[in-house]
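The primary structure of each chain is shown beneath.
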Amino acid sequence: MKMNLAFAFLVVARGFAEQVTPIEQVLTMITDLQAKVISEGEESHKVFAEFSEWCEDEARELGFSIKTAKGEVEGLEATIAKESASIEEFNTKIEDIAAELSLDEADLKAASEIRAKEQADFAAEESELVEVIDTLKRATAILEREMAKSAGASMLQLKGAGALTQALTAMVQASLISSSDAGRLTGLLQQMQQSTDDGADSGAPAAAVYQGQSGGIIGVLQDLLEKAEAQLDGLRKAETSSLQNYQVLAQNLKDEIRNGNADLEEAKKGLAASSSAKAEAEGDLAATSADLASDESTKATLHSDCMEKAETFEAEQKSRGEELKAIAEAKRIIQETTSGAASQTYSFLQLRSSSDVAAVRFVQSLAQKQNSTALAQLAMQMASAARVSADPFAKIKALIADMIDKLEAEAAADAEHKAFCDKELGENEAKEADKVAEIEKLTTKVDQWTARSAQLKGEIATLEKELAALAKSQQTMDKIREDEKSLYDKSRPELEKGLEGVKMALKVLREYYSKDDKAHSAADGASSGIIGLLEVIESDFSKNLAEMISTEEAAASEYEEQSKQNAVDKTNKEQDVKYKTQEANTRDKETAEAKADREGVQKELDAVQAVLKSLHAQCDETVTPYAELKRRREAEIAGLKQALEILEGEAVLLQRARRLRAVRRHAA
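Computed from a predicted model, the values in this text were never measured in an experiment.

J.: Pulling in residues and values, what's your account of the overall build of the protein?
T.: For the protein, the count of helices and strands is 13 helices and 0 strands. In the protein, the order of α-helices and β-strands from amino to carboxyl end is α-α-α-α-α-α-α-α-α-α-α-α-α. Residues classed as buried in the protein amount to 29% of the 668 residues present. Put simply, 83% of the contacts in the protein that link residues at least 6 apart link residues at least 24 apart. Of the roughly 41,300 Å² of accessible surface on the protein, a fraction of 54% belongs to carbon and sulfur atoms.

J.: Go over a negative patch on the surface with me, naming the residues and quoting the values.
T.: Taken together, the side chains of E95, D96, E100, D107, E256, D263 and E266 make up a negatively charged region of the molecular surface. Looking at the negative patch, the elements that each hand over two or more residues are helix 2 (22-148) and helix 7 (217-337). Looking at which element gives the most residues to the negative patch, the answer is helix 2, with 4 residues. Along the chain, E95 falls in helix 2. Judged by its relative accessible area of 55%, E95 falls in the exposed class.

J.: Report on the layout of surface pockets, specifying residues and quantitative values.
T.: For the second largest pocket, the calculated volume is near 1,200 Å³. What lines the second largest pocket is a set of 33 residues, among which G75, L76, T79, Q582 and T586 lie closest to the centre. Listed by contribution, the elements that provide at least two residues to the lining of the second largest pocket are helix 2, helix 7 and helix 12 (524-619). Here the lining of the second largest pocket is built from residues that sort into 9 nonpolar, 11 polar and 13 charged.

J.: Got a sec to walk through the packing of aromatic side chains? Specific residues and values, please.
T.: Going through the model one piece at a time under the given rule, you end up with 2 aromatic pairs. Aromatic side chains F48 and F313 sit 4.1 Å apart centroid to centroid with 5° between the ring planes, which places their arrangement in the stacked category. Of the two residues, F48 is situated in helix 2 and F313 in helix 7; the sequence distance between them amounts to 265 residues. With relative accessibility at 15%, the residue F48 sits in the buried group. A cation sits over an aromatic face here: K309 above F51, 5.9 Å from the ring centre. Over the ring of F64 we find K445; its NZ or CZ atom is 3.3 Å from the centre of that ring.

J.: Can you explain the state of the cysteines? Please cite residues and give values.
T.: Here a disulfide denotes one covalent bond, and it connects the sulfur atoms of two cysteines. Within the structure shown, the criterion is met by 1 disulfide. Paired by a disulfide, C55 and C306 hold their sulfur atoms 1.9 Å apart. Of note, the bridge from C55 to C306 carries an S-S torsion of about -95° and is left-handed in sense. With C55 in helix 2 and C306 in helix 7, the pair connects residues that are 251 residues apart, well separated along the chain. Each member of the pair, C55 together with C306, is buried.

Cut-offs and rules
- Residues numbered from 1 in each chain as written.
- Predicted model: local features only at pLDDT ≥ 70, side-chain atom pairs only at ≥ 80, totals over all residues.
- Heavy atoms only, no water.
- Helix = DSSP H or I, 4+ residues; strand = E, 2+ residues; numbered from the N terminus.
- Buried < 20%, exposed > 50% of the residue type's maximum accessible area, 1.4 Å probe, protein only.
- Contact = heavy atoms within 4.5 Å.
- Areas by Shrake-Rupley, 256 points an atom, 1.4 Å probe, with all protein chains shown as cover.
- Patch = residues over 30% accessible without salt bridge, like charges linked within 9 Å, V, L, I, M, F, W, Y side chains within 5 Å.
- Salt bridge = Lys/Arg side-chain N within 4 Å of Asp/Glu carboxyl O.
- Lys, Arg positive; Asp, Glu negative; His and termini not counted.
- Charge placed at Lys NZ, Arg CZ, Asp CG, Glu CD.
- 1 Å grid on protein atoms, 1.4 Å probe; cavity = no way out; pocket = protein on both sides within 12 Å on 5 of 7 lines; lining within 4 Å.
- Points joined across faces, edges and corners; volume = space filled by probe spheres on them.
- Nonpolar A, V, L, I, M, F, W, Y, C, P; charged D, E, K, R; others polar.
- Phe/Tyr/Trp six-rings, centres within 6.5 Å; stacked < 30°, edge-to-face > 60°.
- Lys NZ or Arg CZ within 6 Å of the ring centre and 35° of its normal.
- Disulfide = S-S within 2.5 Å.

What follows is the structure in structure tokens.
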């Protein structure tokens, strides 16, 4: 500001040499300075508008990235939480299944041990009972045979025996039975008597009853035989029932163990899949969180820089406004306070002269040229002042100066209005363009994501059809392989049997026809043909068998390889379906969010367009363009200044004439 004023003073000082009043020169420089400050402000505003637009674009892009990243973080955290819950569930399930398997295996082992002991006990008891029954049968047969005899000392002894024990002793003495059989029967009798004694309270018959019931000793033996056979039958039935119960229990436990192992394997696979998915999600979460933190930091820095720049711009604008205000105030003060002093200092002889007429005519010509009503009125006022005013020179100068001030004021107002319109229209048109671009961008994203979702869903449908076709193909392969295997299992034994038969027939024929001591004339010639044909058959059978085995192995290998490839393809396609379904759902969600964002931006665009409509109503040039108005005013101002210069030139001439007359009077 100080440099500008110094420059103005230098120009004013130089104005004396150019015959221009210092006051006028100062006013001209102040006007130029105002224009320069306004131009700098407009340039600064243009730069700041571009910077603001960049800030908005960057903030919007970062905001969209942050919003997307937050959505991804939420999705990944939900995935991690879900997989963590699944891992905990699988661990619990594995522990429970392992505990159940351990219990089932312990139960099966215990049941097997109990069954082995029961089986050993049964075998021992069965063997003992079989021996007792055999002994009873043999003893009864001996007694019946001996009693059938008509004489014999041993028989007399048996008839005189009063008890089974005595009878058995007599039979041993007569060498009819062995002492071991007699001891076994005696022990059995004692056991039964003891059992009878134990059950006496329940009304069982006394042991002495056996001595004479059922016709004597033979009746007792037969009764013992029936009881032993009944006991053996009961023992075997109990063994059969125990075996069946064990088999049912063992089968149930084995089924539970087999199913438990299958469930355990499935749970382990699920645990591995969940652990892998969780690890992948954690890795993605770490990367996405880092990107999110970086974007948030960048956005914060961007906001700080943009706010700092805005504050600096506001401060510059405020300072520039204060400068313009000071310049305008200085100009006003100079205009209001120096007119009298200027007239006293720089006044000329106020005479009606041709200069008055020339100035009036100049202004009239300027009014006609510029088609200006205001200049035409000024010309009339100047002509009136020249006719009636006591000081027409000063009056005309004042009228011209006032008109210049008025035109400059109007020019400044128009420039200010033009600047306001340019600024507001520029800003709002930029906002409109931004909103339109943002809507177009969102529309593009909606279209892209919608198309991508449709593409993914189409690919999913294709994959599902391919999976169905793959399953059908595998089913067909299974059926074909089953039929091939069944035919092979049926045909190979038959072919092997036929081959062995041919070999045996060849062996027999070769052995026979190779003998030299035949008792008759053998058909050696026919046999050679038969043997040769059998050899061809043997070769064909061997070749067919080898081809059959080779074909079966190749078919089995091809089936296994294709089945494995089908399993891999199935797994890959199922994973593709899973991931494409997830991506399609994500795209649908993003499409919905983008549509919501687009609706919000459309509302903002509608508001901006409403403001633009109002601004266009205020600012659009309906009659004369601003550039034309500016050109006319500048021409009018320049013409009026030229008129003042005409008056100033005339004043100089008058002053010189006055000085010349004074010199002449002094010389006279």
